[in-house]
Structures are given as C-alpha cells and as structure tokens.
Amino acid sequence: MPETTKSTSSSSEVSSSSSSPDLLDEFRESARLGQHAAAEAWRRFNNVLDEAIPEAVHPLRAKIVDAAISLADTLAAAQYQFHRNLIRSTEGALTRTDGGKKKDAD
C-alpha cells in the first residue's frame, strides 16, 4: 500500500512538473502577443495623429503623444504587476500541489 501512495505522489509530481513549463510557455506567448499588439496600436495611433493634426500644430501633437505615452506606461505597469502576482499565485499553487517536494528537489 505505501508503494501505491508513493507511485500516486510521483505521478502527481510529474504531471505538476510537466505542466509548469507549459504554463510558463503560455505566459511567455501571451507576453509576446501583448508586445506585438502594443506596437501595432502605437503605429495606428501615430498614423491617426499624422492624418488628423497638421505639422503646424506640432506642440499640440507633442502634448497628445506625451499624454498617450504616460497612459500606456501606467497601463503597462498595472498589467505587469498583475501578471507578476498571477505567476506567484500559480507557482504557489503548483508547489502546494506537489506537497512541497518541488522545493526539496532544488
């Protein structure tokens, strides 16, 4: 009977360990897609400004761009913090699922 428990524990550990890289890959892919989307949004924003605001009103354009960058920076920082917290929570849940064995292995 102890062998069955050990075997179940090992298979649980293997499935949790093998799901960790998959989860990290998903986070990385999500971050890459987010960066691509942000770059594309910035290009579209600049194109709209170029079409809407003539060169003669450059100070207004600069003020709008500065405000947009500040907004984007604030939003990105909030999203980054959210992702960090999500990863920490997920890592904690995976560690608890492994019964603390993951920490002992390191």
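Quick caveat, the model's predicted, so the values are computed rather than measured. (Residues numbered from 1 in each chain as written. Predicted model: local features only at pLDDT ≥ 70, side-chain atom pairs only at ≥ 80, totals over all residues. Heavy atoms only, no water.)

**Concerning the overall build of the protein chain**
Phase 1 of the analysis: When its secondary structure is counted, the protein chain shows three helices and zero strands.
Phase 2 of the analysis: Written out in order from the N terminus, the α and β elements of the protein chain read α-α-α.
Phase 3 of the analysis: Here the protein chain holds 106 residues, and the buried ones make up 9% of them.
Phase 4 of the analysis: Partitioning the contacts of the protein chain with sequence separation of at least 6, the portion at a separation of at least 24 is 59%.
Phase 5 of the analysis: Taken as a whole, the protein chain presents about 8400 Å² of accessible surface, with 59% of it coming from carbon and sulfur. (Helix = DSSP H or I, 4+ residues; strand = E, 2+ residues; numbered from the N terminus. Buried < 20%, exposed > 50% of the residue type's maximum accessible area, 1.4 Å probe, protein only. Contact = heavy atoms within 4.5 Å. Areas by Shrake-Rupley, 256 points an atom, 1.4 Å probe, with all protein chains shown as cover.)

**Points about the pattern of salt bridges**
Phase 1 of the analysis: With the rule as written, the count across this model stands at four salt bridges.
Phase 2 of the analysis: One salt bridge connects Glu29 with Arg32, and the closest N-O pair in it is separated by 2.7 Å. With a gap of three residues between them, Glu29 and Arg32 both fall in helix α1 (residues 2-52), about one helical turn apart.
Phase 3 of the analysis: On the basis of relative accessible area, Glu29 is assigned to the partly exposed category, the value being 35%. (Salt bridge = Lys/Arg side-chain N within 4 Å of Asp/Glu carboxyl O.)

**Side note on the confidence of the model for the protein chain**
Phase 1 of the analysis: Overall, the prediction assigns the protein chain a mean pLDDT of 75, with 73% of residues at 70 or greater.
Phase 2 of the analysis: In the model of the protein chain, helix α3 (residues 101-105) stands out as the element of lowest mean pLDDT, 49, in contrast to helix α2 (residues 58-97), which has the highest, 86.
Phase 3 of the analysis: This stretch, residues 102-106, has a pLDDT under 50; its non-local contacts, to residues over four places away or in other chains, come to two contacts. (pLDDT = per-residue confidence, 0-100.)

**A few points about α2**
A turn of α-helix holds 3.6 residues, and therefore any two residues three or four places apart point the same way.
Phase 1 of the analysis: The first and last C-alpha atoms of α2 sit 57 Å apart over 40 residues, in line with the 58 Å expected at 1.5 Å per residue.
Phase 2 of the analysis: Along α2, the residues that are buried comprise Arg61, Val65, Ala68, Leu94 and Thr95. (Expected span 1.5 Å × (residues − 1).)

**Concerning a nonpolar patch on the surface**
Phase 1 of the analysis: Nonpolar side chains collect at one region of the surface, where Val57, Leu60 and Ile64 lie side by side and expose about 210 Å² of accessible area between them.
Phase 2 of the analysis: On the secondary structure map, Leu60 appears in helix α2. (Patch = residues over 30% accessible without salt bridge, like charges linked within 9 Å, V, L, I, M, F, W, Y side chains within 5 Å.)

**Section: the side chain of Arg61**
Phase 1 of the analysis: Inspection of the secondary structure puts Arg61 in helix α2.
Phase 2 of the analysis: Contacts of Arg61, omitting those with residues within four sequence positions, involve Asn46, Leu49, Asp50 and Ile53.

**Some remarks on the side chain of Thr95**
Phase 1 of the analysis: With respect to the helices and strands, the residue Thr95 is situated in helix α2.
Phase 2 of the analysis: Accessibility expressed as a relative area gives 14% for Thr95, which makes it buried.
Phase 3 of the analysis: A polar atom in the side chain of Thr95 sits 2.9 Å from the backbone oxygen of Glu91. (Polar contact = N/O pair within 3.5 Å; in protein donor to acceptor, adjacent residues only side chain to side chain.)

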